[in-house]
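Now for the letters of each chain:
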Amino acid sequence: MVSVSAVSAIATSPAPAAIRPSVTLPAWLEVAKPRLIPLLLATTVGGMALTAAWPLDSVRLVCTLVGGSMASAAAGVLNCLWEQELDGRMQRTSRRALPSGRLAQRQAFALAVGLTVASVLVLVLGVNALAASLALLGLCSYVLLYTALLKPRTTQNIVIGGIAGAIPPLVGAAAATGHLGWSSWWLFSLVMVWTPAHFWALALLLHEDYRSVGIPMLPVVKGLEVTAGAIRRYSWVTVAMSLAGVVALPSGGWLYGLLVLPFNARLLQLSASLLEDPSDPRRARSMFRWSIFYLFGICLLLVLARTPLASAGAPGALVAAALHLAPTAAA
Ligand code: HEM
Ligand SMILES: CC(C)=CCC/C(C)=C/CC/C(C)=C/COP(=O)(O)OP(=O)(O)O
């Protein structure tokens, strides 16, 4: 896998073929796409923090994160297997373990099966059947819906295929409570509307690579301006959706609502800047990086909102303190 720093190189280098990953991972680890997993787990924890069952006991928490990581890793390996030939033809991915022959297909397949079985076992035995089923649904929707069906066919591949990446919050909520409340669907929706700004910013940097292999990503088919316009619109939708977190949280919504504002302001600023010059790789790169920081930030705020201080209803406490002080001041 190519790291973000390699993405930087893509954006600035006139010869993308010369790009090297900043860190070379062992082949078996690389195919599991490990760099994506921390953010997928952060959204899983976000899904948990939205439930009344937060905080979870540590065994359940650890089993969910281990099982979720293994399901995501299995999905990554299956994606690499499915796209082995395509990856070999794209400059960004041609050095991946399968196309470059560092890992045999049979070994990768055994790894994917092993990870899937282990993930289901950990989730069923350590969490519950709903969390296990949702993790399997996430895996299947990434591999079958996004990778096999949509990616080679439509510019809306990542909009509909975004379902896969939005499932981890549902896994988190299911792990916490055994069912899916509307607040878990809120975080699911937020990740879905966040995905276009995240991915199309990267696609602006990589559009020539996608064009060369005929993958109909939005900038390839509709051009850079249309893509930047779409990123701008989805950024607005993401901002609007993020604000609903104030009511989705069982407590501490006020703190979340306050602290999410700078994250949103920066998202809108970067999307406006990108629209001014969609061909500027620095702007696209900033947008891509912020998208990742943004979603981590949202999940962190959801957890912060459920800390005892925030849950105590601090605005109420502030008002009470002010009322208490007022007579003293008047006297
Ligand atoms: C359809 C949905 C998505 C698509 C098409 C997509 C696509 C991509 C691509 C192509 C990369 C570059 C990978 C590389 O360097 O090889 C990337 C990076 C990344 N994606 Fe996404 N993504 C999607 C959704 C998500 C979701 C839901 C998350 C987590 C919640 C996520 C987290 C990340 C992270 C953390 C990176 C940076 C990896 C690094 O440090 O190298 N993505 N994404
Ligand atoms: C619950 C569960 C297991 C959910 C799985 C979610 C999951 C693994 C989402 C990954 C989304 C993603 C990073 C796609 C990469 O696009 P790409 O495959 O087009 O990127 P590439 O060109 O780098 O291969």
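What counts, and where the lines are drawn
Residues numbered from 1 in each chain as written. Chains lettered and ligands numbered in written order. Predicted model: local features only at pLDDT ≥ 70, side-chain atom pairs only at ≥ 80, totals over all residues. Heavy atoms only, no water. UniProt positions renumbered as here; feature names shortened; annotations may be inferred. Near = heavy atom within 4 Å. Polar contact = N/O pair within 3.5 Å; in protein donor to acceptor, adjacent residues only side chain to side chain. Areas by Shrake-Rupley, 256 points an atom, 1.4 Å probe, with all protein chains shown as cover. Helix = DSSP H or I, 4+ residues; strand = E, 2+ residues; numbered from the N terminus. Nonpolar A, V, L, I, M, F, W, Y, C, P; charged D, E, K, R; others polar. Salt bridge = Lys/Arg side-chain N within 4 Å of Asp/Glu carboxyl O. Buried < 20%, exposed > 50% of the residue type's maximum accessible area, 1.4 Å probe, protein only. Core = buried A, V, L, I, M, F, W, Y, C linked by side-chain atoms within 4.5 Å. Contact = heavy atoms within 4.5 Å.

As annotated in an unreviewed UniProt entry, the chain is Protoheme IX farnesyltransferase from Cyanobium gracile UHCC 0281. Quoted verbatim from the Function (unreviewed entry) field of UniProt, the annotation for the chain is "Converts heme B (protoheme IX) to heme O by substitution of the vinyl group on carbon 2 of heme B porphyrin ring with a hydroxyethyl farnesyl side group." Per UniProt, the chain has the following entry under Pathway (unreviewed entry): "Porphyrin-containing compound metabolism; heme O biosynthesis; heme O from protoheme: step 1/1."

A. Summary view of the site of ligand 2. As a structural note, the neighbourhood of ligand 2 is formed by 17 residues, with K33, R92, R96, Y146 and K151 the closest of them. One nitrogen or oxygen atom from the side chain of R92 is found 2.6 Å from an oxygen atom belonging to ligand 2. Isolated, ligand 2 exposes 630 Å² of accessible area, and the fraction of that covered by the protein chains is 86%. Those elements giving two or more residues to the shell around ligand 2 turn out to be α4 (58–82) and α7 (129–150). The element that contributes the greatest number of residues to the shell around ligand 2 is α7, accounting for five residues. Of the residues belonging to the shell around ligand 2, the class tally is nine nonpolar, three polar and five charged.

B. Examining the pattern of salt bridges more closely. Following the criterion strictly, the structure yields eight salt bridges and no others. Where D280 meets R283, a salt bridge forms, and the shortest distance between an N and an O atom there is 3.0 Å. A relative accessible area of 8% places D280 in the buried class. A relative accessible area of 24% places R283 in the partly exposed class. Salt bridges sharing common partners tie together E276, D280, R282 and R283.

C. Representation of the nonpolar core within the structure. W200, Y256 and L302 are the most contacted members of the largest nonpolar core, which totals 98 residues. No other element matches helix α11 (residues 182–213), which puts 19 residues into this core. Discounting chain neighbours no more than four positions away, the residues touching W200 are T155, I158, V159, T195, L218, P219, T227, A230, I231 and Y234.

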